[in-house]
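# Observations on chain architecture
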Amino acid sequence: MSLRNWSENIRFESGALHTPRTVEALQEIVRASRKVRVLGARHSFNDAAAIDGQIDVDGTQEVTGEASWAYISLEELNTPVTFDHERGTVTCSGGITYGELCMRMHAEGVALHNTASLPHITVAGACSTATHGSGDGNGNLATAVAGLEIVTADGELKTLSLEEDGETFEGSVVALGGLGVVTRMTLATQPAYSMQQYVYEDLPSAALYENFDEIMSGAYSVSLFPDWQGDKVNQVWFKHRTGLMGGRGNGEEAGLEPVDLGLPSELHGATAAATDLHPVPGFSTEGLTVQMGAPGAWHDRLHHFQIDSTPASGDELQTEYFVPRRYAVPAVQAVEGLRHRFKGMLWISEIRTVAADRLWLSQSYGTPTVGIHFSWRKNWPAVREAMPLVEEALAPFEVRPHWGKLFTISPEAVQAAYPRMDDFRALLESMDPDGKFRNGYLDRFIFG
Ligand SMILES: Cc1cc2nc3c(=O)[nH]c(=O)nc-3n(C[C@H](O)[C@H](O)[C@H](O)COP(=O)(O)OP(=O)(O)OC[C@H]3O[C@@H](n4cnc5c(N)ncnc54)[C@H](O)[C@@H]3O)c2cc1C
């Protein structure tokens, strides 16, 4: 059976698939292979994980390959999850999904600072592309990483940490799979906390533009869901932190008392939802994390989708662009100006905020950002035509695309958007001089 990504627009057939159970076996595979790429949960929408992939929505792409090319999945790698409560860290396999990690962490009474919309992605795969959630004070998921263990191109095991390796570490966390196989990761933890999630409907666009900062700072994590039609944001999701879990573990959330946050029934013209809502009108809320202010654990509210859910259908393509926070309103207005071009093409958009960080290839390197995301219906010719229009509209705002989603911005423009790009290129060359982990994607966007 052909191995594809979640959206089934990329094929991974140009190398044999290996699922090593030990780090030693993995090292052997890396030593013996001429080309290597690691597959995470295969949720990226472009060829970031492919050895030589191209976008292939209609299945006509010719796949070439060589016997010595290897895909590696860490699904079967036997790595324990360990906690250091004194330092406030958890160490886990790079191939663990956030869903599994969150459950293990919660049982231990600790939490992450943030999560993406869904728990099905792997920690290494997500951090490699600077995957993010939302919240003015929250860095992307890679900002929690305090240490890495990597099998490098020569098959050796290398450890890197912020404490020991400083700047090199800051270049190594968001590395697009180019430095080697990330086998273990150490992440910062904090005491497990409780949250309550609320949704408001129909925020007038004018009110958003007038009160953008107030609205986006209105909770620990805030998401706007516009479909750009009708001068309004369809839904605003507020995820509030309400306290500590106080020793409650998995399954014990039922005893949590709701905290009265005194929220109004109307907010800048938007009204509090009377029932749970899916961001896409008409879709079932089954599988979504609970709304309407019901108290729950951090991982049961930060994700939009529950850990045991099967979210969405794969019948979509995603694009996301980041601009510095100071351009938030004009950038969102520029996108809204294209709304006649999106009619009938979108499931929904999502706007989130991300705090600044120091990771060289993070879209929020050196600046807080606003991410403007598009869940397109799966019509590749139409999406391919729409993307450059959005990119042109956002070009005046120092735009950076999401590394794991679709975009058509030129390699020159992508490279120019990252002040540490030369340093990153030099880091890749020093760790992988023969280009074992280099793929078509890195050739285009980093070396092209
Ligand atoms: C339904 C859906 C919802 C999404 N929601 C969000 C969201 O809320 N926020 C957001 O920012 N993004 C979101 N994304 C995008 C997604 O988070 C990223 O594409 C992420 O990189 C996927 O992680 P993965 O485990 O599937 O990695 P993959 O897509 O398999 O791989 C991504 C990259 O990481 C590399 N890699 C994977 N594992 C390793 C490893 N162990 N060592 C070295 N390199 C490795 C791969 O080679 C590749 O370059 C969403 C995607 C989908 C399909």
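As the structure is a prediction and not an experimental result, all values here were calculated from the model. Every chain is numbered on its own, with residues counted from 1 as its sequence reads. This being a predicted model, a pLDDT of at least 70 is required before a residue's local features are given, and a value of 80 or more before pairs of side-chain atoms are given or counted; all residues contribute to the totals for chains, interfaces and linings.

Only DSSP runs of H or I with at least four residues qualify as helices, and only runs of E with at least two residues qualify as strands; both kinds are numbered from the N terminus onward. A tally of regular secondary structure across the protein gives 13 helices and 20 strands. Overall, the protein is about 60 × 50 × 40 Å in size when its C-alpha atoms are taken along their principal axes. Exposed residues have 12 or fewer other C-beta atoms within 10 Å of their own C-beta, buried residues have 20 or more, and residues in between are partly exposed; the C-beta atoms are placed from the backbone. Per-residue burial for the protein yields a buried fraction of 50% across its 448 residues. This entry defines residue contacts through backbone-placed C-beta atoms, with two residues in contact when those atoms are within 7 Å. Counting contacts in the protein only where the partners sit at least 6 residues apart, residues at least 24 apart contribute 74% of the total.

Within the largest apolar cluster, 75 residues are counted, with the highest numbers of intra-cluster contacts made by Val-123, Cys-127 and Val-145. If near-sequence neighbours (up to four positions away) are discounted, Val-145 is found in contact with Cys-127, Val-173, Met-185 and Leu-187. The nonpolar core is taken to be a set of buried Ala, Val, Leu, Ile, Met, Phe, Trp, Tyr and Cys residues joined by way of C-beta atoms within 7 Å. Ranked by size, the runner-up nonpolar core spans 47 residues in total, among them Trp-237, Phe-238, Phe-374 and Val-383.

This next bit is on the packing of helix 8 (residues 328-336) against helix 10 (residues 380-394). At a minimum axis distance of 9 Å, the contact between helix 8 and helix 10 shows a crossing angle of 145 degrees. Two packed elements cross with a definite hand, and for helix 8 against helix 10 that hand is right-handed. Judged by residue contacts, Ala-331, Ala-334 and Val-335 of helix 8 engage Val-390, Ala-393 and Leu-394 from helix 10. Here the axes come from fitting lines to C-alpha atoms, over the contacting stretch only for helices, and the angles between their N-to-C directions go from 0 to 180 degrees. Should the near helix be turned counterclockwise from the far one by less than a right angle, the crossing is left-handed, whereas a clockwise turn marks it as right-handed.

The ligand sits among 34 residues. The nearest are Gly-40, Ser-44, Gly-125, Gly-177 and Gly-404. Taken together, the elements giving at least two residues each to the shell around the ligand come down to strand 2 (35-39), helix 3 (123-128) and strand 9 (181-188). Among the elements that take part in the shell around the ligand, helix 3 stands out by supplying 4 residues, more than any other. Residue composition of the shell around the ligand, grouped by class: 17 nonpolar, 15 polar and 2 charged. Nearness here has a simple definition: the residue's C-beta atom, placed using the backbone, must lie within 6 Å of the molecule or strand. Residue type decides the class: Asp, Glu, Lys and Arg count as charged, Ala, Val, Leu, Ile, Met, Phe, Trp, Tyr, Cys and Pro as nonpolar, and the leftover types, Gly among them, as polar.

Attention shifts here to helix 12 (residues 421-431). Listed as buried for helix 12 are Phe-424, Leu-428 and Met-431. Down the axis of helix 12, the smallest arc covering the buried residues is 80 degrees, so these residues share one side. Of the exposed residues in helix 12, those oriented more than 90 degrees away from the buried face are Asp-422, Ala-426 and Ser-430. On its buried face, helix 12 is in contact with helix 4 (162-172). Here, the arc refers to the directions that run from the helix axis to the C-beta atoms.

What follows deals with the sheet that holds strand 7 (residues 145-151). Taken together, 5 strands build an open sheet; the order of strands is 4-5-9-7-8 and the sheet is antiparallel. Since the sheet does not close on itself, it has two edges, and those belong to strand 4 (82-84) and strand 8 (157-161), each with one partner. Pairs of neighbouring strands in the sheet enclose a mean axial angle of 15 degrees, with direction left out of account. Between any two strands, at least two bridges found by DSSP are needed for them to pair. Pairing analysis gives 3 bridges linking strand 4 to strand 5 (residues 89-93), with the strands arranged antiparallel. Opposite Phe-83, over in strand 5, you have Val-90 as the bridge partner. Those strands touched by helix 4 are strand 7 and strand 8, and its axis lies near 100 degrees from that of strand 8.

This part takes up the domain arrangement of the protein. Where each domain starts and ends follows an automatic or database-derived domain assignment. The domain boundaries assigned to the protein delineate domain 1 (16-73), domain 2 (193-247 + 255-297) and domain 3 (316-416). For domain 1 versus domain 3, the distance between C-alpha centres works out to 27 Å. Facing the 5 residues of domain 1 at the interface are 7 residues of domain 3. Among the residues forming the side of domain 1 that touches domain 3, the class breakdown is 3 nonpolar, 2 polar and no charged.

The next thing to look at is the pairing of strand 17 (residues 316-324). Among the 9 residues of strand 17, 8 are classified as buried, and the element is accordingly described as predominantly covered. In this structure, strand 17 lies alongside strand 19 (residues 369-377), joined through 9 bridges in antiparallel fashion. Directly across from Thr-319, in strand 19, lies its bridge partner Phe-374. Across 2 bridges, strand 17 lies against strand 20 (residues 400-401) in antiparallel orientation.

Taken together, 3 strands build an open sheet; the order of strands is 1-3-2 and the sheet is parallel. Across the chains shown, the open sheet's two edge strands, defined by having one partner strand only, are strand 1 (16-18) and strand 2. Taking each pair of neighbouring strands and ignoring which way they run, the sheet shows an average axis angle of 30 degrees. Taken together, the 5 bridges between strand 2 and strand 3 (residues 69-73) define a ladder with parallel strand orientation. Along strand 3, the bridge assignment pairs Val-38 with Ile-72.

Let us look at the packing of helix 4 against helix 12. Between helix 4 and helix 12, the least distance of the axes is 10 Å, while the angle of their chain directions is 95 degrees. When the axis of helix 4 is compared with that of helix 12, the two are roughly perpendicular. Residues Thr-168, Gly-171 and Ser-172 of helix 4 form the contact with helix 12, whose participating residues are Asp-423, Phe-424 and Leu-427. In terms of residue class, the contact of helix 4 with helix 12 is built from 2 nonpolar, 3 polar and 1 charged. In this scheme, roughly parallel covers angles under 35 degrees and roughly antiparallel covers those over 145, while 65 to 115 is roughly perpendicular and the rest are oblique.

As a further point, take unusual backbone geometry. Note: most residues except glycine have negative phi, and most peptide bonds are trans. Although it is not a glycine, Asp-231 adopts a positive phi angle of roughly 50 degrees. Here Asp-231 shows up in the loop between strand 12 (221-225) and strand 13 (232-244). With a phi close to 50 degrees, His-268 is a non-glycine residue in the positive phi region. Position of His-268 relative to the elements: it lies in the loop between strand 14 (266-267) and strand 15 (270-272).

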